[in-house]
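# Examining the three-dimensional arrangement
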Amino acid sequence: MASDTTPAETQTFAPSPEFTAQANAGAELYDQAEAEGVDFWARQARELLTWNKDFTEVLDWSNPPFAKWFQDGTLNACYNAVDRHVEAGNGDRVAIHFEGEPGDSRSYTYAQLKDEVSKAANAMEGLGVVKGDRVALYLPMIAEAVIAMLACARIGAIHSVVFGGFSADALRSRVEDGQAKLVVTADGSYRRGKPSMLKPAVDEALSEGASSVEHVLVVRRNEAEVEMTEGRDVWWHDAVGSASTEHTPAEQGAEDPLFVLYTSGTTGKPKGIMHTTGGYLTQGAFTHKYVFDLKPETDVYWCTADVGWVTGHSYVAYAPLVNGSTQVIYEGTPDSPHRGRFWEIVQKYGVTIMYTSPTAIRTMMKWGEEIPGEYDLSSLRVLGTVGEAINPEAWTWFHRVIGGGRCPIVDTWWQTETGAIMISQLPGVTVAKPGSAQVPMPGIKVDVVDDNGQPVPNGTSGFLVLREPWPSMLRTIWGDDDRYVDTYWSRFGDMYFAGDGAKRDEDGDVWILGRVDDVMNVSGHRLSTPEIESALFSHPSVAEAAVVGATDETTGQAVIAFVILSDQADAEGRDKAELAEEMRAHVGKEISPIAKPKKVLIVPELPKTRSGKIMRRLLKDVAEDREVGDVSTLADQTVMQQIVDSLAR
Ligand code: ATP
Ligand code: MG
């Protein structure tokens, strides 16, 4: 695979000497990792975590691709995230500032969090949950979501979080796949000021099949009326409210499963990714400390991800707490009750580190910079993004408007499968290039290879692979070892195939080119989606863009672009055909005439998963005039209809 176009010349951003002087990371981290090999990870595991029993073996790779890290060590994830901070005298530090969508808020100190997780663990045990059982969590982004995850970890039960925006069917299939014994849910939540319900979907999911479920534990959140099934359903405030605050965390093996989480399903049927305990926590804590330059005594960290996807696992529920951080959790949408909500939260809590997605940033750009301009964002010092490549336009906006030109930005590449950040800048160390995730984390062996698995020279592109096992790697796909081997380890034998295309630039830095499945082939030229999308974003009238390759009789594939107009362009009300023509020409000029979309379709919305990723396969269905495929993992199930309707007009 090769991409035949070259990105526009890049502007670089060097860290300030002041930032570098105080940074956790230094260039020596890379050298240490290189010199120490797997012992580097052993050292991190011992420095960053508290073990009940130390391990004697770092990595067992005798049966690849099934890795075992720190195998004979024992520890408890919840103890590491909560109890030990109280024991160390930091019980009064705030662990979680919860901000509800309607504006209610509650802060939990580490001591209070210890009481809450202990009570929840006792309540779950009271409902028959024991070590190794699966517990499905179908919750809004409220503190109880994190508390329930940690309570499972405390017992040694395996949580499977199902995004609260998913349908009853999606919930049922995940409950059945994991044979969950308990479901933890809420009556509902708030969404754009209105109550949005969860419990009815659980009732529907359990009305047929899903017979493994014995109890449903229900958090009262929006106080809407819900049906409670006698003998099966229990209120959280009753069961947890009355439970004891004394609970001894279970001693877990490093390789005991911590959770199962289904991937976004951007490319196909979601996979139940299984993570274990010791390695997962080690790499999570390590990356969180260095990528975000975390200073637990003074920072206020905010990751805007929902617990329903992996970022909300690694960088909300686990790593920040393992590192003793103070963090913000926000229940709602960025525009409720107004479009300044995110910035109001930054100002209110004095957020210093903010981790969000390119799609959120583009939405804010679309709303205009006057909105963040009304808030005091001077507390911010590190910014991060994840989920897809960040186009340089959005990067520079984030840097200038939100970061005031002073905050390093980390563009973090990783996957549900990798469990933790794998490629990213280190703030204070890396000279940043907008649009590129750039460098593998210390201790991580990333490569870009051709069809035969040979490394590509700088300046060319290929497949992104990982050459060595890493501590937080997935251990398997739940219940399906064969699919694990097939999906990730059959393409290049002993290398992990990430499914993404990537390019190495002249300095050897990595640019993610999107999913291999999304790469287009036009008249024998290979084109990557992010490059063309970036070119579209740089047109002043474009707020969002997605491109796909549609089958074409003459060129093999043709580039079809879907574009959302900026609010301003929308208000101007210019002729759409004329605008589309202008955008086509713009891409031709920015990249090359080959990359010029055959069609630019102006649409009201784009289909996105819960984590904000564009589901290009659905757009491809539209472009190729087919019935639209499975939309069950879309955040908004009506979007495809809106798009089809808008094009019919
Ligand atoms: P599925 O595997 O079910 O199709 P998914 O790949 O969208 O779903 P995730 O694990 O949530 O599920 O997403 C990981 C993918 O997101 C990566 O493989 C990559 O394509 C993309 N991604 C994540 N972070 C970045 C980034 N910083 N730059 C570019 N792409 C990114
Ligand atoms: Mg994937």
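Residues numbered from 1 in each chain as written. Chains lettered and ligands numbered in written order. Predicted model: local features only at pLDDT ≥ 70, side-chain atom pairs only at ≥ 80, totals over all residues. Heavy atoms only, no water.

- For the protein chain, an unreviewed UniProt entry supplies the name Acetyl-coenzyme A synthetase and the organism Kocuria sediminis.
- Taken from UniProt, the Sequence similarities (unreviewed entry) comment for the protein chain reads in full: "Belongs to the ATP-dependent AMP-binding enzyme family."
- Looking at the protein chain in UniProt, the text filed under Catalytic activity (unreviewed entry) is "acetate + ATP + CoA = acetyl-CoA + AMP + diphosphate". (UniProt positions renumbered as here; feature names shortened; annotations may be inferred.)

## Section: the UniProt feature "modified residue: N6-acetyllysine" (unreviewed entry) in the protein chain
- Mapped onto the present numbering, the UniProt feature "modified residue: N6-acetyllysine" (unreviewed entry) falls at Lys 613.
- Its location among the elements puts Lys 613 in the loop between β30 (599–602) and α20 (616–623).
- Since its relative accessible area comes to 12%, Lys 613 is described here as buried.
- Within the structure, Lys 613 has its side chain in polar contact with the backbone oxygen of Gly 387 (distance 2.9 Å). (Helix = DSSP H or I, 4+ residues; strand = E, 2+ residues; numbered from the N terminus. Buried < 20%, exposed > 50% of the residue type's maximum accessible area, 1.4 Å probe, protein only. Polar contact = N/O pair within 3.5 Å; in protein donor to acceptor, adjacent residues only side chain to side chain.)

## Thoughts on unusual backbone geometry
- For the peptide bond that leads from Pro 64 to Pro 65, omega is 5 degrees, which places it in the cis range.
- Within the secondary structure layout, Pro 65 lies in the loop between β1 (59–60) and β2 (68–69).
- A cis amide bond, omega -5 degrees, links Ser 336 with the succeeding residue Pro 337.
- As for its placement among the helices and strands, Pro 337 is situated in the loop between β17 (326–330) and α12 (341–349).

## What about the UniProt feature "domain: Acetyl-coenzyme A synthetase N-terminal" (unreviewed entry) in the protein chain?
- Following the UniProt record, one finds the feature "domain: Acetyl-coenzyme A synthetase N-terminal" (unreviewed entry) at residues 28–81.
- Overall, residues 28–81 shows 46% helix and 11% strand. The separation of its end C-alpha atoms is 28 Å.

## Some thoughts on the domain arrangement of the protein chain
- When its domains are assigned, the protein chain resolves into domain 1 (7–502) and domain 2 (523–648).
- Measuring from the centre of the C-alpha atoms in domain 1 to the corresponding centre in domain 2 gives 30 Å.
- Counting from both sides, the interface comprises 26 residues of domain 1 and, opposite them, 23 residues of domain 2.
- Carbon and sulfur atoms supply 51% of the area buried between domain 1 and domain 2, which totals about 2100 Å² over both sides.
- Scanning the region where domain 1 abuts domain 2 turns up three salt bridges.
- Among the salt bridges present, the one from Glu 544 reaches Arg 362, with a minimum N-O distance of 3.8 Å.
- Across the domain 1-domain 2 interface, the total number found is four residue pairs in polar contact (both at pLDDT 80 or more).
- Among the secondary structure elements, those contributing two or more residues to the side of domain 1 that touches domain 2 are α13 (358–367) and α15 (392–402). (Domains from an automatic or database assignment. Contact = heavy atoms within 4.5 Å. Buried area = accessible area lost by both parts, 1.4 Å probe. Salt bridge = Lys/Arg side-chain N within 4 Å of Asp/Glu carboxyl O.)

## Considering the packing of aromatic side chains
- Enumeration over the complete set of coordinates arrives at 31 aromatic pairs.
- Measuring from centroid to centroid gives 5.5 Å for Phe 40 and Phe 286, while their planes differ by 85 degrees, and the two rings are edge-to-face. Of this pair, Phe 40 sits in helix α3 (residues 38–48) while Phe 286 sits in helix α10 (residues 278–291); the two residues are 246 residues apart in sequence, bridging distant segments of the chain.
- Accessibility expressed as a relative area gives 0% for Phe 286, which makes it buried.
- Pairing Tyr 488 with Tyr 496 gives two aromatic rings, centres 5.3 Å apart and planes at 10 degrees, and the pair type is stacked. Accessibility assignment for this pair places Tyr 488 and Tyr 496 in one class, buried.
- Cluster of aromatic residues (ring-pair linked, three or more members): Trp 61, Phe 66, Trp 470, Tyr 484, Tyr 488, Trp 489 and Tyr 496.
- Across from the ring centre of Trp 235, 4.8 Å away, lies the NZ or CZ of Arg 220, which sits over that ring.
- Taking NZ or CZ as reference, Arg 491 lies 4.9 Å from the ring centre of Phe 463, over its face. (Phe/Tyr/Trp six-rings, centres within 6.5 Å; stacked < 30°, edge-to-face > 60°. Lys NZ or Arg CZ within 6 Å of the ring centre and 35° of its normal.)

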